[in-house]
Structures are given as structure tokens and as C-alpha cells.
Amino acid sequence: MEYRKQSNQTTRKEFILLGLTDEPRQQIALFWLFLAIYMIAVGGNAVISILVLSDSKLHTPMYFFLVNLSILDICMTTVIVPKMLYCLITGEKTISFHVCIVQLYCFAFLVSTEFFLLAVMAIDRYVAICHPFRYANFMSTRICTTLAASSWGFSFFHSLLHTVLISNLSFCGPYQLQQFFCDIPPLLKLSCSDTTTNELLILTESSLCTLVAVMTVIVSYVRIIYTILNMATKEGRRRAFSTCVSHLTVVTLYYGTLVFNYIRPTSSYSLKKDKVMTVMYTIVAPMVNPFIYSLRNKQVKEALRSQFHKLQRQR
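Residues numbered from 1 in each chain as written. Predicted model: local features only at pLDDT ≥ 70, side-chain atom pairs only at ≥ 80, totals over all residues. Heavy atoms only, no water.

Caption draft 1: Main features of the sheet that holds strand 2 (residues 94-96). One open sheet accounts for 3 strands, arranged 2-1-3; its pairing is mixed. Taken across any chain shown, the strands that pair with only one partner, and hence form the sheet edges, are strand 2 and strand 3 (176-177). Bridge analysis of strand 1 (residues 14-17) against strand 2 gives 3 bridges, and the strand direction is antiparallel. The residue bridging Glu14 from the neighbouring strand is Ser96, located in strand 2. In the packing of helix 3 (residues 97-130) onto the sheet, the strands contacted are strand 1, strand 2 and strand 3, and the crossing angle to strand 2 comes to about 85 degrees. (Pairing = 2+ DSSP bridges. Helix = DSSP H or I, 4+ residues; strand = E, 2+ residues; numbered from the N terminus. Contact = heavy atoms within 4.5 Å. Axes fitted to C-alpha atoms, helices over the stretch in contact; angles between N-to-C directions.)

What follows is the structure, encoded as C-alpha cells:
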């Protein structure tokens, strides 16, 4: 795979990640900031996963999907942040073509899986609130496993398709990516090939997938809200709503920034401004998700206290 200039056929085997800033002092500050965020994100999601796996009271469909979400968040930040930190602290911003393509695929795969998984979690909340007496049958272990596996499996091929198309493009100098990792929009901007197929795929296949996921969430929550409003007691409405507010918060943050970044023509991208949105769903969201799901969740708090007391007794 070669990067070709129009006059002389030369081979370029690396890109330059321009990152968030060129100011040395800002780079040092950002290094410590994102290192702290990365440690919190990995630690918080690891704690959630360990709690769910170790406490039998949390062995329910909702927490099964939450473990999947936590694993995705750990992987997604790990795909992006370590390389970003290396660039910030060393000033070495190059990334080889093959590493770039691998990073692009892993990132696209993880982002897509989380996107679909959040839609599956909306279905779980719908069944739990609108059909509580049939919840155990509708959300059996087999069905939950199938839904989660479908999210992972479909994303595998969805991301592979985009990555293969990107890897077959030719790229023109100065080979500078206006981003802190390898992503589709900046790579399309840098290509000197015809990117019509790539853009068409984003605006059709990706938009269709996005529409299905978003409509699943919207329809689920319309039914949920209708059911909650028709509940007889105020306490029942409060409890039902409290089981959804965490998921709804995560969906709003994740879907909003992701759709804004991707589902629009390449010509409308403002890559420097879009970096802020990218930071939100790639780094900030994985950090805050464990807190969103635990701060208002009594079961998670009780499980955390239980594990803490066990550690104290062992000492």
C-alpha cells in the first residue's frame, strides 16, 4: 500500500498526528490531565466489572450489559490514550501506516459495538418496566448473550468494511492528520483518491445503522415514559424512572457527540473544532460512565460496600 504523489511515485509509510496543541506547556498539562482521566476510566470500569462478576445479586441482564459496556470503555481508551500520551510527553507524533490502520479498525469496532450495545440496553429497560412479569422469559441468559454477541459481531464486519476501503486509498502530503489518533474523517480529508465510495458508505450504511439504533432507543423510551406516567403511585414512578436515568444520560452524551461527528458530509467537517467532540466520546465518556451508573444505583453501592468490608476483614 503506497502513498502516491502525483508526479513522483514515492512511498510514505507514516502519518503525523498533529494532536490537540503544539504549545509545549499545554502539552505537558494535557499529558497529566489525560493520564489522570485514563487511570480513572480504566480503574472505574474495572471496578464495575469486578463488582458485577463477584456479587451474585448483580447477575442480572442489566448488569451483564453493563460489564460489556465497561470492557468496551477500557479497550477504547487503551486503543487511543497511551499513544496520545506518548506523543504529548515525547513530542514524537509519527504513526506508521499499518499501526494507523490497526488503530482505526480497533477504534471503529469498539465505538460501533458500544453504539449498538446502548440500543440493546434500552430494550432491556423497556422490557423491565413495561413487561416486568415476563422480564425473566424475555431477557433470558440465551437472549442476552445473543443480543450482546450480535452487537460485537455486526460491528466486527461493519468496521472491517470501512477499514478496508480506507486502507486502499492513496494519500497526499504533508501527511498530517488533524487529530490525536487515526480516524475516518481526517484520513478522508488527507486522501488524494476519489473518496466518493467512502462518503456514500458513511451516509448510507452507517446512517442506516445509526437510524436503527437511535429509533430503537427513542421507541423504547417513548413506551417507557408512557408506562411510567400511567403508574398508580408516585413511588413506583420514581423507582421506574431511576432505573433509566443513568442509561439515558450515557445515551445522550454518547449518541449526541458521535452522530454530530460522523453522520454528515466530509465537506462540512471542521476537524479542529471536532476534536472537542471526539475527546468527549472517546475519553471523557468512558471515564464518567462508571460514576453515572454507580452514583444513583443502590445495588452497585451495596456491592461496593460489601467488597470493601470483605477486604477489611481479610486484613
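Caption draft 2: Examining helix 5 (residues 141-167) more closely. Across its 27 residues, helix 5 extends 39 Å between first and last C-alpha, which sits within 8% of the 39 Å expected from 1.5 Å per residue. All of the buried residues along helix 5 are Cys144, Ala148, Ser151, Ser155, His158, Ser159, His162, Thr163, Ile166 and Ser167. If you follow the buried residues of helix 5, they end up packed against helix 2 (61-90), helix 3, helix 6 (184-190) and helix 7 (196-229). (Expected span 1.5 Å × (residues − 1). Buried < 20%, exposed > 50% of the residue type's maximum accessible area, 1.4 Å probe, protein only.)

Caption draft 3: Just the pairing of strand 1, in detail. A one-sided burial pattern is seen for strand 1, the buried positions being Phe15 and Leu17 and the unburied ones Glu14 and Ile16. For strand 1 and strand 3, the ladder comprises 2 bridges, and the chain directions are parallel. Note on strand 3: the bridge partner recorded for Leu17 is Leu177.

Caption draft 4: Focus on the state of the cysteines. Taken as a whole and judged by the stated rule, the model has 1 disulfide. In this model Cys100 forms its disulfide with Cys182; the gap between the sulfur atoms is 2.0 Å. Linking Cys100 and Cys182, the disulfide has an S-S dihedral of approximately -125 degrees and is accordingly described as left-handed. Highlighted residues: Cys100 in helix 3 and Cys182 in the loop between strand 3 and helix 6, separated in sequence by 82 residues. Taking the relative accessible area as the measure of exposure, Cys100 reaches 0% and is therefore buried. The exposure class of Cys182 is buried, given its relative accessible area of 0%. Here Cys106 is not cross-linked by a disulfide; its sulfur's nearest cysteine counterpart is in Cys75, at 9.0 Å. Residue Cys106 is classed as partly exposed on the basis of its relative accessible area, which comes to 27%. Looking at the unpaired Cys244, the closest cysteine sulfur is the one in Cys130, lying at 8.5 Å. (Disulfide = S-S within 2.5 Å.)

Caption draft 5: How the structure looks around the nonpolar core. Of all hydrophobic cores here, the largest spans 67 residues; its most connected members are Phe34, Phe65, Leu118, Ile224, Tyr254, Tyr255 and Ile283. Elements that contribute at least two residues to this core include exactly helix 1 (24-54), helix 2, helix 3, helix 5, helix 7, helix 8 (234-262), helix 9 (271-295) and helix 10 (298-314). With 17 residues, helix 3 is the single largest residue contributor to this core. Counting residues in each nonpolar core, the second largest holds 19 residues, with Phe15, Ile101, Leu104 and Ile184 among its members. (Core = buried A, V, L, I, M, F, W, Y, C linked by side-chain atoms within 4.5 Å.)

Caption draft 6: Representation of the environment of Met280. Residue position: Met280 is located in helix 9. With a relative accessible area of 28%, Met280 lands in the partly exposed category. Residues Met280 and Thr257 lie 23 residues apart in sequence; the distance between their C-alpha atoms is 7.2 Å. The contacts of Met280, once residues within four sequence positions are left out, are Leu253, Thr257 and Ala285.

Caption draft 7: Layout of helix 2. The end-to-end C-alpha distance of helix 2 is 44 Å, a good match for the 44 Å that 30 residues give at a rise of 1.5 Å each. One or two steps after helix 2, the chain reaches Gly91, where phi turns positive at roughly 80 degrees.

Caption draft 8: Layout of the pattern of salt bridges. Scanning the entire structure with this criterion turns up 4 salt bridges. A salt bridge links Arg125 to Asp124; its shortest N-O distance comes to 2.9 Å. Under the relative-accessibility criterion, Asp124 is labelled buried at 1%. In this structure, Glu235 engages Arg238 in a salt bridge whose closest nitrogen and oxygen atoms are separated by 2.6 Å. Here Glu235 and its partner Arg238 are both found in helix 8, 3 residues apart, which amounts to about one turn of the helix. (Salt bridge = Lys/Arg side-chain N within 4 Å of Asp/Glu carboxyl O.)

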